[in-house]
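Spelled out from the first residue to the last, the chains are:
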Amino acid sequence: MGVTFVEGAVRVRVPATSANLGPGFDSLGLALGLHDDVAAWVTDRGWHVDVTGEGAGELPTGADHLVARAMAATFERLGGQPPGVAIECVNRIPQARGLGSSSAAIVAGVQLARALVRDGTTLLDDAAALALAAELEGHPDNVAPCLLGGFVIAWSDEVTGGFRAERLTPAESIRPTVFIPDDRGLTAEARAALPATVPHRDAAYTAGRAALLVHALTSAPELLFPATADKLHQGYRAPGMPATAALVDELRGRGVAAVVSGAGPTVLALTSPPRDLEMGIPWRAVELAIDVAGARIGSGRLGHAERAPVAAGRKS
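Please read all numbers here as calculations on a predicted model, not as lab measurements. (Residues numbered from 1 in each chain as written. Predicted model: local features only at pLDDT ≥ 70, side-chain atom pairs only at ≥ 80, totals over all residues. Heavy atoms only, no water.)

## A short note on the confidence of the model for the chain
- Across the chain, the average pLDDT comes to 92, with 93% of residues at or above 70.
- Across residues 311–316 the pLDDT falls below 50, and counting only partners more than four positions away or on other chains, this stretch makes 18 contacts in the model. (pLDDT = per-residue confidence, 0-100. Contact = heavy atoms within 4.5 Å.)

Given below as structure tokens:
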């Protein structure tokens, strides 16, 4: 028995995310108030993707677009493929900067496909949707906060072979700032810089700080500076991102709880940064709220409000 597709368009708003947060390598993530809006509807004319904003003119416009690939994988899990899908993307999350643009595309695709299939959210429940998104991304620390919102602890389940996540509510006083450079980074290159083994003392140090970070982000923001210290991955990646490493060092030297956002090159500050920074290259500094809602599904095509540009922030 095949699936039944709904008529008309569905849409989803997905947040940017910052993974790792210093010591929480591949396990901690935070949803940020910077969003992509994506709409889709079933057609009989194959796959077509229209992209506005970040990635326009660069990203694929057919079935090989990441949103389309995630939708196709989800339709497969749900039991059937449509003859075609039209997709419109309004992208505000910078590409390849360590702010979860690929995870946002994957989560958008999974959620859109679930919404386009009648009873899709029952056939593929939230836990299964998270597991599929993490499977497509390869790790859960970005897709989990994108899907769930807030501050998320994610892990692989060795019993089921899938992925799970627990959402926590961050302290209301935390107002992150992201420093976004013009240069891009590649997660694969950042991962290639990591050694096969690390000293036991560094692993123990980082595990203790990761545990402290859960407390600091939810209940004790005054501990964010010591809680964001890391000896597991950022130091090994620093030679490949010297400007990023220099900015993190400058901020931490001024007492700011700063870390590399994901695989970089964006820098995330979880406490207020000073304005008189010596940073070497131009950075776009944007203060963002923490997104507590996660991926939000609606109906209809994108309207004027969804197509409005994001605030530009300030150049530093």
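## Some points on the packing of helix α1 (residues 66–78) against helix α2 (residues 101–116)
- Across the interface, α1 lies against α2 with an axial gap of 7 Å and an inter-helix angle of 40°. Between α1 and α2, the angle falls in the class oblique. Every pair of crossing elements has a handedness; the one defined by α1 and α2 is right-handed. When α1 is examined against α2, the residues Leu66, Val67, Ala70, Met71, Thr74, Phe75 and Leu78 are found in contact with a partner set consisting of Ser102, Ala105, Ile106, Gly109, Val110, Leu112, Ala113, Arg114 and Leu116.
- Here the residues of the contact of α1 with α2 sort into 12 nonpolar, three polar and one charged. (Axes fitted to C-alpha atoms, helices over the stretch in contact; angles between N-to-C directions. Helix = DSSP H or I, 4+ residues; strand = E, 2+ residues; numbered from the N terminus. Parallel < 35°, antiparallel > 145°, perpendicular 65-115°, else oblique. Left-handed = near helix turned anticlockwise from the far one by under 90°. Nonpolar A, V, L, I, M, F, W, Y, C, P; charged D, E, K, R; others polar.)

## Overview of the side chain of Ser103
- Topologically, Ser103 is positioned in helix α2.
- Each residue touching Ser103, except ones within four places of it in the same chain, is listed here: Glu137, Asn142, Val143 and Cys146.

## Re the packing of aromatic side chains
- Inspection of the entire model under this criterion finds two aromatic pairs.
- Seen from their ring centres, Phe5 and Phe75 are 5.5 Å apart, and the 85° between their planes marks the pair as edge-to-face. Remark: Phe75 occurs in helix α1 and Phe5 occurs in the segment before β1 (10–19); sequence separation between them is 70 residues.
- Measuring from centroid to centroid gives 6.4 Å for Trp47 and Phe75, while their planes differ by 55°, and the two rings are tilted. With Trp47 in strand β3 (residues 47–53) and Phe75 in helix α1, this residue pair connects regions lying 28 residues apart in the sequence. (Phe/Tyr/Trp six-rings, centres within 6.5 Å; stacked < 30°, edge-to-face > 60°.)

## Observations concerning the nonpolar core
- The biggest cluster of nonpolar side chains holds 67 residues, and the ones touching the most others in it are Met71 and Ile87.
- Here this core gets nine residues from one element, more than from any other, and that element is α2.
- Membership of the second largest hydrophobic core comes to 13 residues, among which are Leu247, Val248, Ala258 and Ala269. (Core = buried A, V, L, I, M, F, W, Y, C linked by side-chain atoms within 4.5 Å. Buried < 20%, exposed > 50% of the residue type's maximum accessible area, 1.4 Å probe, protein only.)

## Some points on unusual backbone geometry
- With an omega dihedral of 5°, the bond running from Gly264 to Pro265 counts as a cis peptide bond.
- Relative to the elements of secondary structure, Pro265 occurs in the loop between β8 (258–260) and β9 (267–269).
- For Ala96, which is not a glycine, the phi torsion comes out positive at approximately 55°.
- Mapped onto the fold, Ala96 is located in the loop between β4 (84–91) and α2.

## A look at helix α4 (residues 126–137)
- Taking 1.5 Å per residue as the helical rise, α4 with its 12 residues ought to reach 16 Å, and the 16 Å between its terminal C-alpha atoms agrees with that figure.
- If you check which residues of α4 are buried, you get Ala129, Leu130, Leu132, Ala133, Ala134 and Glu137.
- Along its buried surface, α4 packs onto α1, α2, α5 (143–148) and β6 (163–168).
- After α4 finishes, the residue Gly138 shows a positive phi value of roughly 100°. (Expected span 1.5 Å × (residues − 1).)

## So, the environment of Asp44
- Among the structural elements, Asp44 can be located in the loop between β2 (28–43) and β3.
- Considered as a pair, Asp44 and Ala73 are 29 residues apart in the sequence and their alpha carbons are 19 Å apart.
- Of note is the side chain of Asp44, whose polar atom sits 3.4 Å from the side chain of Arg45. (Polar contact = N/O pair within 3.5 Å; in protein donor to acceptor, adjacent residues only side chain to side chain.)

## A few points about the pairing of β2
- Burial analysis of β2 places 14 of its 16 residues in the buried class, the great majority of the element.
- Two elements, β1 and β2, share 10 bridges in a ladder whose sense is antiparallel. Among the inter-strand pairings, Val12 is bridged to a residue of β2, identified as Val38.
- As paired elements, β2 and strand β5 (residues 151–156) share three bridges and run antiparallel to each other. Across the sheet, Gly29 pairs through a bridge with Val152, a residue of β5.
- In this structure, β2 lies alongside β4, joined through seven bridges in antiparallel fashion. Opposite Thr43, over in β4, you have Gly84 as the bridge partner. (Pairing = 2+ DSSP bridges.)

## Describing the packing of α1 against α4
- Contact geometry for α1 and α4: axes closest at 11 Å, N-to-C directions at 135°. Classified by the interaxial angle, the pair formed by α1 and α4 is oblique. Once α1 is placed against α4, the crossing between them reads as right-handed. Residues Ala70, Ala73, Thr74 and Arg77 of α1 form the contact with α4, whose participating residues are Leu132, Glu135 and Leu136.

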